[in-house]
Amino acid sequence: DCVMDFHDLERQLDAILRPWNGRHLNEAEPFVSGINPSAERVAEVIARGLVIASPAKLLSVTVTEAAGCRARYS
């Protein structure tokens, strides 16, 4: 059984990440309003932006800043 189409997930991620591409995150929504664009906050914004249809469940989003440096939002 397929619980979520990977192409749908890819489209959602692209819509969330596209406005940040090539920009300083402090100058992009939602961070321009003063939210610190830490890896933890980036993971949270991604997680909250994804629409996951039942029966699938989003357990966490992990963002990697550099080798060995990552943050997870659960």
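Thresholds, definitions, all that
- Residues numbered from 1 in each chain as written.
- Predicted model: local features only at pLDDT ≥ 70, side-chain atom pairs only at ≥ 80, totals over all residues.
- Heavy atoms only, no water.
- Helix = DSSP H or I, 4+ residues; strand = E, 2+ residues; numbered from the N terminus.
- Buried < 20%, exposed > 50% of the residue type's maximum accessible area, 1.4 Å probe, protein only.
- Contact = heavy atoms within 4.5 Å.
- Areas by Shrake-Rupley, 256 points an atom, 1.4 Å probe, with all protein chains shown as cover.
- Lys, Arg positive; Asp, Glu negative; His and termini not counted.
- Charge placed at Lys NZ, Arg CZ, Asp CG, Glu CD.
- Salt bridge = Lys/Arg side-chain N within 4 Å of Asp/Glu carboxyl O.

## Description of the overall build of the chain
When you go through the chain residue by residue, the secondary structure sums to two helices and two strands. The principal-axis extents of the C-alpha atoms in the chain amount to approximately 40 × 25 × 20 Å. Put simply, the chain has 74 residues, and 23% of those count as buried. Taking all contacts inside the chain whose residues are at least 6 apart in sequence as the whole, residues at least 24 apart take part in 38%. Accessible surface for the chain amounts to roughly 5,600 Å². Of this, 52% is attributable to carbon and sulfur atoms. The average position of the 8 basic charges and that of the 10 acidic charges among the side chains of the chain differ by 4 Å.

## Quick word on the pattern of salt bridges
With the rule as written, the count across this model stands at three salt bridges. Linking Asp-14 and Arg-18 is a salt bridge whose minimum nitrogen-to-oxygen distance equals 2.6 Å. Its relative accessible area of 38% is what places Asp-14 among the partly exposed residues. Glu-44 is the partner of Arg-48 in a salt bridge, and the nearest nitrogen-oxygen pair spans 2.9 Å. Here Glu-44 and Arg-48 lie together in helix α2 (residues 39-49), a separation of four residues that amounts to about one turn. Arg-48 gets classed as exposed once you look at its relative accessible area, which sits at 59%. The class of Glu-44 is buried, set by a relative accessible area of 16%. Through salt bridges with shared partners, a single network forms among Arg-41, Glu-44 and Arg-48.

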